[in-house]
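Listed below, chain by chain, are the residues.
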Amino acid sequence: MLHIKDLHAGVEEKEILKGIDLDVKPGEVHAIMGPNGSGKSTLASVIAGKEEFEIIKGDLEFEGEDISELDPEERAHKGLFLSFQYPVEIPGVSVTNFVKTAINETRKAKGQKDMPAGEMLKKIKEKADLLEIDRKFLSRSLNEGFSGGEKKRNEIFQLAMLEPKLAILDETDSGLDIDALKVVANGVNKLKSKDNAVIVITHYQRLLDYIVPDYVHVLMGGKIVKSGNKELAKELEAKGYDWIKEELV
């Protein structure tokens, strides 16, 4: 589904990613961990198409197609989703209207008509119930005055409504208490299927107790330096990253 080969990328002539290799297949959950400044959020931004990041060289393919030149919305229409570490507030635009617009823009890009209002309402109700979201929450302005947990839950609600093929969760667990973390993880788990895939970027092993990864990758100095299963995340939690640095010397 996602194929990255020898990817070098950066911002304002500063190279941050220095040769990333990563393959993600349908049905898989990949966790990316690493110390601060290692390039985790940059990788998420480059895959999603954030304009300030520039690809210097390497392959970035989604379902066999080179997406390196596509705008973020074009990538979204093809089924890419990025959950933000710090979601922005959009006063005056309700959660419901935002999601309706996003769904219908994707349908338009595929040559389909807008989703009928009845079908949309049914889907909103279904997904809100799935994620234990109060219906009143959906009429509030997007992220305005939301707590950290509400912002993250809203991101997962968008994920549920848009049903992307590949979801990238960029430190979705930062600032969450254990109850909010469980709700977010539970939502992600309910949305997982053999046809979609998830990349979880996190500092903490605790999220991976709830969203269990098939693969854990350690990103350091702009490269994936070690990969393993969920046990690797537990080892990192217990020992930190110094032992990996020593292995690399």
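Preceding block: the structure.
Here the structure is a predicted model, which is why all the values come from computation and not from measurement.

Novice: Where do I start with the overall build of the protein in this structure?
Specialist: Of regular secondary structure, the protein possesses nine helices and twelve strands. For the protein, the spread of C-alpha atoms along the three principal axes comes to 60 × 40 × 35 Å. The burial tally for the protein puts 47% of its 249 residues in the buried class. If you take every contact in the protein between residues at least 6 apart in sequence, the share linking residues at least 24 apart comes to 68%. If you sum the accessible surface of the protein, you get close to 12400 Å²; carbon and sulfur atoms cover 48% of it. With 36 positive and 45 negative side-chain charges, the protein shows a spacing of 5 Å between the two charge centroids.

Novice: What should I look at first to understand helix H1 (residues 40–48) in this one?
Specialist: Owing to its 3.6 residues per turn, the α-helix aligns residues three or four sequence positions apart on the same side. The buried fraction of H1 is high, at eight of nine residues. Those residues of H1 that fall on the buried side of the exposure criterion are Lys-40, Thr-42, Leu-43, Ala-44, Ser-45, Val-46, Ile-47 and Ala-48. Taken from the residues just after H1, Gly-49 is the one with a positive phi, measuring 95°.

Novice: Got a minute to help me understand the layout of surface pockets in this structure?
Specialist: For the largest pocket, the calculated volume is near 1100 Å³. Surrounding the largest pocket, 37 residues form its lining, Ala-76, Leu-80, Phe-81, Ala-102 and Leu-162 being those nearest its centre. Where the lining of the largest pocket is concerned, the elements lending two or more residues are helix H2 (72–77), strand S6 (80–83), helix H3 (95–109) and helix H5 (148–162). Of all the elements, H3 adds the most residues to the lining of the largest pocket, at seven residues. Looking at side-chain class alone, the lining of the largest pocket contains 19 nonpolar, seven polar and eleven charged residues. Lining the second largest pocket are 14 residues, with Gly-49, Phe-53, Ser-68, Leu-70 and Arg-75 positioned closest to its centre. Elements that contribute at least two residues to the lining of the second largest pocket include exactly H1, strand S4 (53–62) and H2. It is S4 that provides the largest number of residues to the lining of the second largest pocket, a total of three residues. Looking at the lining of the second largest pocket residue by residue, the classes come out as five nonpolar, three polar and six charged.

Novice: When you look at the side chain of Lys-151 in this model, what are you seeing that I'm missing?
Specialist: Relative to the helices and strands, Lys-151 resides in helix H5. Salt bridges are absent for the buried Lys-151, whose nearest opposite-charge side chain, Glu-89, sits at 4.0 Å. Apart from the residues within four sequence positions on either side, Lys-151 is in contact with Pro-87, Glu-89, Asn-143 and Phe-146.

Novice: Looking at this structure, I do not really get the environment of Ala-102. What am I missing?
Specialist: Assignment of secondary structure puts Ala-102 in helix H3. When its relative accessible area of 23% is taken as the criterion, Ala-102 is described as partly exposed. With 25 residues separating them in the primary sequence, Ala-102 and His-77 have C-alpha atoms 9.1 Å apart.

Novice: Explanation requested: the pairing of S4 in the structure shown.
Specialist: Where a strand is regular, its side chains alternate between the two sheet faces. Bridge count between strand S1 (residues 2–11) and S4: eight bridges; the pairing is antiparallel. Among the inter-strand pairings, Gly-10 is bridged to a residue of S4, identified as Glu-54. As judged from the two bridges shared by S4 and strand S5 (residues 65–66), these two strands associate in the antiparallel manner. Considered in S5, the bridge of Glu-61 is made with Asp-66.

Rules used throughout
- Residues numbered from 1 in each chain as written.
- Predicted model: local features only at pLDDT ≥ 70, side-chain atom pairs only at ≥ 80, totals over all residues.
- Heavy atoms only, no water.
- Helix = DSSP H or I, 4+ residues; strand = E, 2+ residues; numbered from the N terminus.
- Buried < 20%, exposed > 50% of the residue type's maximum accessible area, 1.4 Å probe, protein only.
- Contact = heavy atoms within 4.5 Å.
- Areas by Shrake-Rupley, 256 points an atom, 1.4 Å probe, with all protein chains shown as cover.
- Lys, Arg positive; Asp, Glu negative; His and termini not counted.
- Charge placed at Lys NZ, Arg CZ, Asp CG, Glu CD.
- 1 Å grid on protein atoms, 1.4 Å probe; cavity = no way out; pocket = protein on both sides within 12 Å on 5 of 7 lines; lining within 4 Å.
- Points joined across faces, edges and corners; volume = space filled by probe spheres on them.
- Nonpolar A, V, L, I, M, F, W, Y, C, P; charged D, E, K, R; others polar.
- Salt bridge = Lys/Arg side-chain N within 4 Å of Asp/Glu carboxyl O.
- Pairing = 2+ DSSP bridges.

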